[in-house]
Amino acid sequence: MTDVISDDELLARADAVASRAYAPYSNFHVGCAVLARDGRVVEGVNVENAAYPLGVCAERTALARAVAEGYGPGDFVAVAITASPCGGCRQWLHEMEVERVVFRNGGRVVTMTTDELLPESFDFSNLA
Ligand SMILES: [Zn+2]
């Protein structure tokens, strides 16, 4: 089965939503669009806070929103991000078993699996 929308279209959705970021401190607006297996797209943006460490990345707001709407690990075909995901978000993408991650990095568009983004990662099997 082919995806309902292409990776390019998903990245365009991430680009479009980035303008809604709340980033008054860094002025670095990031958008994320998550494609679920049922064809639904859930978007997120980075949300900063005056207490800097409390800011949340676009990937996490998108995935948290998707989980709140009933999705979970294994439900995600692709995630598109307007910037390279940070280390913490790579852990989140791995936890949610996202098939592929598409993101901009230095003017290039990169597509990687979560294992490529975070090799030898920590997951639930390590908790046994
Ligand atoms: Zn992040």
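This text gives an overview of the structure that appears in the document. Everything numeric here is computed off the predicted structure, so don't read it as measured data.

Overview of the sheet that holds strand 3 (residues 76-81)
Alright, step 1. If you walk across this open sheet you meet the 5 strands as 2-1-3-4-5, and the pairing is mixed. Edge positions in the sheet fall to strand 2 (41-45) and strand 5 (108-112), since each has one partner strand and no second. Ignoring which end each strand starts from, the neighbouring axes of this sheet average 15 degrees apart.
Alright, step 2. When strand 3 meets strand 4 (residues 100-105), the two strands line up parallel, connected through 4 bridges. By the bridge assignment for strand 4, A78 is matched with R100.
Alright, step 3. On top of the sheet, helix 1 (residues 7-17) reaches strand 1 (31-36), strand 2, strand 3, strand 4 and strand 5; it is set at about 140 degrees to strand 1, its chief contact.

Things to note about the layout of surface pockets
Alright, step 1. Taken as a whole, the largest pocket encloses approximately 270 Å³ of empty space.
Alright, step 2. Every residue lining the largest pocket is counted, 19 residues in all, and those nearest its centre are F28, V30, N46, E48 and C57.
Alright, step 3. Taken together, the residues of the lining of the largest pocket break down into 12 nonpolar, 5 polar and 2 charged.

So, the coordination of the zinc ion
Alright, step 1. The protein atoms that coordinate the zinc ion are C57 (SG), C86 (SG) and C89 (SG), at distances spanning 2.3 Å.
Alright, step 2. Written as a sequence motif, the donor arrangement for the zinc ion is C-x28-C-x2-C.

Examining the packing of aromatic side chains
For any pair of aromatic rings, the description consists of the separation of the ring centres together with the inter-plane angle of the planes.
Alright, step 1. In this structure the tally under the stated criterion is 2 aromatic pairs.
Alright, step 2. Between Y71 and F76 the ring centres are 6.2 Å apart and the planes differ by 45 degrees, which places this aromatic pair in the tilted class. Across the pair, F76 and Y71 agree in class, each one buried.

A few points about unusual backbone geometry
Alright, step 1. One non-glycine residue with positive phi stands out, namely N27, at about 55 degrees.
Alright, step 2. Tracing the chain through its elements places N27 in the loop between helix 1 and strand 1.
Alright, step 3. Judged by relative accessible area, N27 falls into the exposed class, the value being 60%.
Alright, step 4. We note that E97 has phi near 55 degrees; this positive angle belongs to a residue other than glycine.

Some words on the nonpolar core
Where a protein is soluble and globular, its nonpolar side chains tend to be buried together.
Alright, step 1. Within the largest apolar cluster, 20 residues are counted, with the highest numbers of intra-cluster contacts made by F76, I81 and L93.
Alright, step 2. Every element with two or more residues in this core is listed here: strand 1, helix 2 (58-68), strand 3 and strand 4.
Alright, step 3. At 4 residues, the largest contribution of residues to this core is made by helix 2.
Alright, step 4. Not counting chain neighbours up to four residues away, the residues in contact with I81 comprise L11, A14, V30, G31, C32, E59, L93, V101, V102, F103 and R104.
Alright, step 5. Among the nonpolar cores identified, the runner-up in size contains 11 residues, and L10, L11, A80 and V102 belong to it.

Conventions adopted
Per chain, the residues get numbers from 1 upward, laid out in the order the sequence is written. With the structure being a predicted model, the display of local features is reserved for residues of pLDDT at least 70 and the display and counting of side-chain atom pairs for 80 or more, all residues being used for whole-chain, interface and lining totals. Note: side-chain values were computed over all heavy atoms of the structure, leaving out hydrogens and water. Paired strands are those between which DSSP finds at least two bridges. Going along the chain from the N terminus, every DSSP run of H or I of four or more residues is numbered as a helix, and every run of E of two or more is numbered as a strand. Axis definition: a line fitted to C-alpha atoms, limited for helices to the stretch in contact. Angles are taken between N-to-C directions and run from 0 to 180 degrees. Note on definitions: a residue-residue contact is assigned when non-hydrogen atoms from the two residues lie within 4.5 Å. In this analysis the probe radius is 1.4 Å and the grid spacing 1 Å, with only protein atoms considered; a cavity is a set of points the probe fits into but cannot get out of, a pocket is an open set with protein on both sides within 12 Å along at least five of seven lines, and lining residues have an atom within 4 Å of a point. Grid points are joined across faces, edges and corners, and a volume is the space filled by probe spheres set on the points. Any residue that is not Ala, Val, Leu, Ile, Met, Phe, Trp, Tyr, Cys, Pro, Asp, Glu, Lys or Arg is counted as polar, Gly included; the first ten are nonpolar and the last four charged. Distances define the donors: N, O and S atoms within 2.8 Å of the metal qualify, as do those within 3.2 Å of Na, K or Ca. Water is excluded, so some sites may look unfinished. Side-chain rings of Phe, Tyr and Trp, where Trp is taken by its six-membered ring, are said to pair if the distance between their centres is within 6.5 Å; with planes under 30 degrees apart they count as stacked, over 60 as edge-to-face, and otherwise as tilted. Note on classification: 1.4 Å probe, protein chains only; a residue is buried when its accessible area is under 20% of the maximum for its type, exposed when over 50%, partly exposed between these limits. Within this scheme, the nonpolar core is defined by two criteria: the residues are buried Ala, Val, Leu, Ile, Met, Phe, Trp, Tyr or Cys, and they are joined through side-chain atoms within 4.5 Å.

Read these as layout, nothing more, since geometry by itself doesn't imply function.
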